[in-house]
Amino acid sequence: MSDKQKRFKYIMVIIAVVGVLGTVIPNLLDTSYAAAEKAVICLSFLVGVPLVVSIVYWIGKKILKG
């Protein structure tokens, strides 16, 4: 793995962690939603954000390989 690919991988992992924490934690702290709504929102973000990040990582890896 080249240096560009390693750096790209680290950046994507950081984006994924910030994305999950930045969407799940505020929704858990919001008192206007019922517990079931919070569970659905958090589960969809916990699945959706890493899925999107992994797709972008896969595309970026293909572009960086040339």
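Reading the values: rules and limits
- Residues numbered from 1 in each chain as written.
- Predicted model: local features only at pLDDT ≥ 70, side-chain atom pairs only at ≥ 80, totals over all residues.
- Heavy atoms only, no water.
- Salt bridge = Lys/Arg side-chain N within 4 Å of Asp/Glu carboxyl O.
- Helix = DSSP H or I, 4+ residues; strand = E, 2+ residues; numbered from the N terminus.
- Buried < 20%, exposed > 50% of the residue type's maximum accessible area, 1.4 Å probe, protein only.

K.L.:
Give a description of the pattern of salt bridges that names residues and reports values.
P.N.:
Applying the stated rule across the entire model yields 1 salt bridge. Among the ionic pairs, Arg7 bridges to Asp3, the shortest N-O distance being 3.2 Å. With Arg7 and Asp3 both in helix H1 (residues 3-29) and 4 residues apart, this pair spans about one turn of that helix. Looking at Arg7, the relative accessible area reads 47%, which means it is partly exposed.

K.L.:
Could you give an account of the environment of Ile25, with specific residues and numbers?
P.N.:
Looking at the element boundaries, Ile25 is found in helix H1. On a C-alpha basis, the gap between Ile25 and Val40 in space is 13 Å, while along the polypeptide they are 15 residues apart.

Read these as layout, nothing more, since geometry by itself doesn't imply function.
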